[in-house]
Amino acid sequence: MADLSVSFCGVKAPNPFWLASAPPTDKAYNVERAFRAGWGGVVWKTLGEDGPPIVNVSGPRYGAWHGPDRRVLGLNNIELITDRPLEINLREIAQVKRDWPDRAMIVSLMVPCVEEAWKAILPRVEATGADGIELNFGCPHGMSERGMGAAVGQVPDYIEMVTRWCKAHTRMPVFVKLTPNITDIRFPARAARQGGADAVTLINTITSVMGVDLDAMAPWPPIDGQASHGGYCGPSVKPIALNMVGQIARDPQTHGLPISGIGGITTWRDAAEFMALGCGTVQVCTAAMVYGFKIIDELTSGLSAWMDEKGYASVSDFVGRAVPRFTEWQHLNLDYVAKARIDQDLCIQCGRCHIACEDTSHQAITREKDGKRHFEVIDAECVGCNLCTIVCPVEDCITLVPLTEGVDPRTGTPVGGRRTWMEHPNNPSVAAE
Amino acid sequence: MSQDHVAIVFAEPDIAARRLPSATLEANFGDIHPPLDRHEARVAADRCLFCWDAPCVTACPTGIDIPLFIRQIAAGNPLVAAKTILDANIMGGMCARVCPTETLCEQACVREAAEGAPVKIGLLQRHATDALMESGRQPYRQGTPTGRNVAVVGAGPAGLSCAHKLATLGHEVTLYEAREKPAGLNEYGIAAYKTPNDFAAREAEFILGVGGIALKTGVALGRDITLETLRTEHDAVFLALGLSAVNALGLGEEALDGVEDAVAFIARLRQAKDPGEIAIGRRVVVIGGGMTAIDMATQARRLGAEDVTIVYRRGPESMAASRYEQELAQTNGVLIRHWLKPKALVAAGGRVTGVTFEYTQAQDGRLTGTGETLNLPCDQAFKAIGQAPGGFPALALEGGRIRVDAERRTSLAGVWAGGDCIAGGQDLTVAAVEDGKQAALSIDRALAARATA
Ligand SMILES: Cc1cc2nc3c(=O)[nH]c(=O)nc-3n(C[C@H](O)[C@H](O)[C@H](O)COP(=O)(O)OP(=O)(O)OC[C@H]3O[C@@H](n4cnc5c(N)ncnc54)[C@H](O)[C@@H]3O)c2cc1C
Ligand SMILES: Cc1cc2nc3c(=O)[nH]c(=O)nc-3n(C[C@H](O)[C@H](O)[C@H](O)COP(=O)(O)O)c2cc1C
Ligand code: SF4
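So, how was this worked out
Residues numbered from 1 in each chain as written. Chains lettered and ligands numbered in written order. Predicted model: local features only at pLDDT ≥ 70, side-chain atom pairs only at ≥ 80, totals over all residues. Heavy atoms only, no water. Contact = heavy atoms within 4.5 Å. Buried area = accessible area lost by both parts, 1.4 Å probe. Salt bridge = Lys/Arg side-chain N within 4 Å of Asp/Glu carboxyl O. Helix = DSSP H or I, 4+ residues; strand = E, 2+ residues; numbered from the N terminus. Patch = residues over 30% accessible without salt bridge, like charges linked within 9 Å, V, L, I, M, F, W, Y side chains within 5 Å. Areas by Shrake-Rupley, 256 points an atom, 1.4 Å probe, with all protein chains shown as cover. Buried < 20%, exposed > 50% of the residue type's maximum accessible area, 1.4 Å probe, protein only. Polar contact = N/O pair within 3.5 Å; in protein donor to acceptor, adjacent residues only side chain to side chain. Pairing = 2+ DSSP bridges. Axes fitted to C-alpha atoms, helices over the stretch in contact; angles between N-to-C directions. Near = heavy atom within 4 Å. Nonpolar A, V, L, I, M, F, W, Y, C, P; charged D, E, K, R; others polar. Domains from an automatic or database assignment. 1 Å grid on protein atoms, 1.4 Å probe; cavity = no way out; pocket = protein on both sides within 12 Å on 5 of 7 lines; lining within 4 Å. Points joined across faces, edges and corners; volume = space filled by probe spheres on them.

Peer 1: Can you explain the interface of chain A and chain B? Please cite residues and give values.
Peer 2: If you look at the interface, chain A gives 14 residues, while chain B gives 13 residues. When the two sides are added together, the surface that chain A and chain B hide from each other amounts to roughly 1,100 Å², 69% of it contributed by carbon and sulfur. Looking only at chain A, the three residues that lose the most surface to chain B are P68(A), I348(A) and R373(A), adding up to 48% of its buried area. In this assembly, chain A and chain B are joined by one salt bridge. Between R373(A) and D53(B) there is a salt bridge, with the nearest N and O atoms lying 3.6 Å from each other. The greatest single-element share of the side of chain A that touches chain B, amounting to three residues, is contributed by helix α11 (residues 352-360) of chain A.

The structure is reproduced here in C-alpha cells:
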C-alpha cells in the first residue's frame, strides 16, 4: 500500500488532499465534517483584521457554467473573505486543531497592506496552534477594490514586502496564494520567494462574467438588477492552473519552491497531474462544493491504487517528475512526424473527423471508398494536428501514430531526425550563421 | 378450402363494454410515451454528434435535417427546431408519435452502433413540434397566388402534405374527403395511445391553417365526383386515397357475428368519446402480423380483454410489425403465436366461438400446411391481414395499386398519386407525407412549365 502522507514545508498530513480556503472551510462545523470524512488538511476560510466583519451579498453569490447534463463545468463567486468575527474563527481553529492534531491546519489571511496590521494578527493566529498561514493575494473581487487580495497579488513588489513582514513576525511557515489574473505568473512567484515564502499556492479564481440575461439585459446572475464580475473556478480552470504551476516549477528562479496546487481538481487523476508538475500538496474547493466531502474516498483510493501500480512508495517519488519534460516551443523536435490512424473496426461512421479536417484543417480524411461512406487518413496531407482524434466520439478510434522510418509523405523529409526551431534552416537566425 | 363452419357448442360468447374502471381505461389510452421535459430534452439532445452527412437524415423518408433541429433544441430554441422539422415534413408532429423510428432514423443513428442506444430522435422531434403547437403560432403563409387550382382527393397524410406544400407555393387547393373528418388513418387508424388528446384533428387544423385550401368533406371520388370532372375543372389532380378495402379470410366470415375487420374496429375505438363504450371479448384472437394486428391486440388488452392471441402464419422475423412493436404487444400481455394459418371458423348460433388453425412450415420459401390443426376458442376474432386497394379510377395499376413514376405521376396526364394507394410504397405515415410533398413539387414544376410553354 502506497504511503499517502506528506510533509509539506514541515507541515505533516495523512494525505496531500487539502480543502482550499473557501466555504468548505468556513467554520468548525464544516472542517470537522471534512476531517471525519478523511481530508488531510484544510486552509481555513480567509480571516480579515479585527473589527466589524465584512458583509456578503444576500442574493446569488454563485453562478455556474453547466454542461447539458447539469454537470458543473465551472463555478463563479462573488463571496468575500469570512463574514464571521475574528475571535470566533480563532477560537474554533484552536479547538479543531486540538481535536485533530494529525491534520494540517493552515490559516488564510488578508489584512490591509501595512505592516502593523500583519504584526497584530500573526501572534493571535500562532496562538491557535495552527500549522501555517496562507497569504490570500488572490481574491479578485470585493477585497481587491479595498487594496487587498488581487490588488496586492498583481504587484510583485507588494508580495515580496508583505511576505517579508510575515516571515519576520511569525515562526509559522508562510504560503503565498497567487492570483492568476496576471500576465506572467512567474513574476509574483519570484517575488514570493524573494520575500522568503516557504511555498506558493495557486491558483485563486479567475475574473469572470458568467453570462448575460438577454431579457433583463444584465450580466447574470444579478443582484437587484445589476451584477459585478466574480471569480471563476472548477473543472474548466484546470488547464490554466496546470500551466501556471508548471511554469513556476520549471522557472530556474523558483525551481524547487514548494507548490500547493489548486484549480479544478475533481478526481485523483487531476491531483496526480498537478503533483507530477511539481505540487507537493493539492487543494480542492469546487469539487467538494458540488459533490460533498465524500469525494475524498475516491481521491485517496484512486491515488493509492495508481501509486501501487506504478511502484511509487510515497508521494515524493513522483512529485515533479513531469517537470523536466515541460519545455518551450522552440525546443520541440520539428522532425518528429505523427499521422492519424482510424481504426475501421471501431469507427461508427459519424463523419466528424472528415468534416473537421475538410472544413478547418488539411483535407486529409476521405469520405468515400468504392462508392461507400469511408473515412481514412491521407498521409500525404495529414500534418498530425490531432483535431480528428479530438472530435472523434469513440475512445481510441483515432490515434496519432509516430512514423519511425522512411520519409514523411507530406514533406518528403526523412523521419527520425532531430531538429528544433533553433537548428531549423527556415529560422532566419540559423540561416544567418 | 372448406367454407362450412364446424358446429361445436360453446358457452355464450362473453363480449362486454366497461371491463375496466374508467380511471384504468383513461390511463391505458393516455400517452404511451410521455413527452420529454425540457431537461430531458437537453440531455437527449446533447448525445447527438452532429454527424457529417448524417445517416439518420438519409434514413428519414422525408429527409428532415435531424442534427440541425437537435442542435437548435440544445441551444434552447425548440420553436426554431420545429420549423426545421416541418419544412421537410409538415406532419413532423404525428410522425414523432407514430414512426417506427427503430427501423428508420434511430436505427441509422451512429450512437446505435457505438452504444446500442440511439439518440431519442422521435421524442426530440415531438418535444420541438409540441412546443410549436402549444405556442399557437402559424409559421406558414399561403404563397403568392399563381391563379392555379389543384384538386387533392383524400385528406390523409399524403393529401394534407400535398395540399400544404401546394398552398405555400401559391396554388389554390380543393381538398376532397369522403369522410367527415380530415387526417385519414391519423384520425381513424393509428393506435389511440400514440395520439391522444385529439392530436390528429389539431394537427390537421394547423396544416389547413396555412390558408388557400378549401376542404370539402363528405365528398367521395367515384360516388359524388368523377376523375374526368376533376381533370377538366382543376389544373392538376393528386390522388391520396389510401386503401379503403380490406382483405378477406375467405372462410365465410361475412355470415358470422363476432368476426370483425380490425381496421373498422380501431376506427370505432378512435371515434368513441370514451373507450369504455366499446365492447370487447373476454377471449380475443387477432389474425395477422402487421402494425394493425399489434394495435388491435394491444388495444383489446387495454380495453380489458383477458386473453388475447395474435396468430401469424410465419415466424417473428417475417412479421411486418417491427420487433419493438411485437414486444409492445407482448409486454401488454398479448401472446403471439407463429406458424399457424386460419383454416376454419368455429361457430354456434351464427356467432364465432373459436378459430381452427393449421400448423405451417416454410419449404423452399413456400408456406405449406402440415395438416395438423389447433383450435383456439374465442369470443371475438379480428382479421388484420392487410388492407386492400379498391375503388380506384381507371388508370394503370401495379399489383392492384396505382402505378407512379419517381415524381409520383400516374399514367394519366395531369394526375399524380401518393400514399398507401400507390405501388411500391412503405405503408407508413411518413412515406405518405413524403409522397405528398414530392407530388406537390412536381405539380408546381409542371404548372410552371405549362405557363411558359
Ligand atoms: C391500424 C393501423 C395502424 C397504423 N399504425 C401506423 C403507425 O404506427 N405508424 C405509421 O407510420 N403508419 C401506421 N399505419 C399506416 C399509416 O396510417 C398509413 O400508411 C397512412 O395513413 C397512409 O396515408 P394516406 O394518406 O396514403 O392514406 P389514409 O391515411 O388512408 O388517407 C386516405 C384518405 O382518403 C380518403 N378517401 C379514400 N377514398 C376516397 C375517395 N374515393 N374520395 C375521397 N376521399 C377518399 C379516406 O377517407 C382518407 O381520409 C397504420 C395503419 C393502420 C391501418
Ligand atoms: C465561494 C468561494 C469562496 C472563496 N473564498 C476564498 C477565500 O476566502 N480565500 C481564498 O484564498 N480563496 C477563496 N476561494 C478560492 C478557492 O480557495 C480556490 O482557490 C479556487 O476555488 C480554485 O479551486 P477549485 O477549482 O478547486 O474550486 C473561494 C472560492 C469560492 C468558490
Ligand atoms: S491529424 Fe489533423 S491533419 Fe491529420 S487527419 Fe487528423 S485532422 Fe487532418
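There is more to say after this.
Peer 1: Tell me about a nonpolar patch on the surface, and name the residues and values.
Peer 2: There is a patch of nonpolar side chains on the surface, built from V212(A), L214(A) and M217(A) and spanning about 360 Å² of accessible area. You can call L214(A) exposed: its relative accessible area is 64%.

Peer 1: Tell me what's going on with the side chain of T82(A), and back it up with residues and numbers.
Peer 2: All names here are of chain A. Checked against the element boundaries, T82 lands in the loop between β6 (72-77) and α2 (86-99). Separated by 3.1 Å, the side chain of T82 and the backbone nitrogen of R84 make a polar contact. Within the structure, T82 has its side chain in polar contact with the side chain of N89 (distance 3.3 Å). For T82, the contacting residues outside a window of four places in its chain are D26, K45, T46, L47, G48, I54 and N89.

Peer 1: Please provide a residue-by-residue account of the sheet that holds strand β20 (residues 415-417) of chain B, values included.
Peer 2: Where strands meet in a sheet, backbone hydrogen bonds hold them as pairs that are either parallel or antiparallel. All names here are of chain B. Strand order in the open sheet made by the five strands is β5-β4-β3-β6-β20, with parallel pairing throughout. Of all strands in the sheet, those with a lone pairing partner are β5 (213-217) and β20, marking the two edges. Averaged over all neighbouring strand pairs, the angle between strand axes comes to 20 degrees, with direction disregarded. With five bridges connecting them, strand β3 (residues 149-153) and strand β4 (residues 172-177) associate as parallel partners. Each bridged residue has a counterpart across the sheet, and for V150 the counterpart in β4 is V173.

Peer 1: I'd love a proper account of the site of ligand 1, names of residues and values included.
Peer 2: Residues and elements named next belong to chain B. In the vicinity of ligand 1, 31 residues are found, and the nearest of them are V98, E177, K194, L221 and D420. Here an oxygen atom of ligand 1 sits 3.0 Å away from a polar atom, N or O, in the main chain of A158. One of the backbone N or O atoms of T429 is found 3.1 Å from an oxygen atom in ligand 1. When ligand 1 sits alone it has 1,000 Å² of accessible area, and the protein chains cover 93% of it. Those elements that provide at least two residues to the shell around ligand 1 are α10 (157-168), α15 (291-303) and α17 (429-452). Ranked by residues supplied to the shell around ligand 1, first place goes to α15 with three residues. Of the residues assigned to the shell around ligand 1, the class counts are 16 nonpolar, nine polar and six charged. Inspection of the shell around ligand 1 shows a minimum of three residues originating in each of domain 1 (5-30 + 247-386) and domain 3 (149-244 + 389-452).

Peer 1: Outline the pairing of strand β13 (residues 340-348) of chain B, listing residues and values.
Peer 2: Residue and element names in this part refer to chain B. Summarising the sheet, β13 and strand β14 (residues 351-363) pair through eight bridges and their orientation is antiparallel. When the bridges of β14 are listed, P342 appears paired with F357. What sits between the antiparallel neighbours β13 and β14 is a turn of two residues, in which G349 has the positive phi angle 55 degrees.

Peer 1: Kindly report on empty space enclosed by the protein, identifying the contributing residues and their values.
Peer 2: Residue and element names in this part refer to chain A. One pass over the structure, following the stated rule, counts nine cavities of 30 Å³ or more. Taken as a whole, the largest cavity encloses approximately 430 Å³ of empty space. For the largest cavity, the lining is made up of 36 residues, of which S21, A22, N204, T205 and C285 are closest to its centre. Among the elements of the structure, β4 (41-47), β6, β16 (279-284) and α9 (286-291) are those that each provide at least two residues to the lining of the largest cavity.

Peer 1: Describe unusual backbone geometry, and please don't skip the residues or the numbers.
Peer 2: Residue and element names in this part refer to chain A. A cis geometry characterises the amide bond from L202 onward to I203, with omega recorded as 10 degrees. Mapped onto the elements, I203 comes out in the loop between β10 (199-202) and β11 (206-208). Note that the residue after W220, namely P221, is joined by a cis bond; omega there is 0 degrees. Structurally, the position occupied by P221 is in the loop between β13 (218-220) and β14 (230-233).

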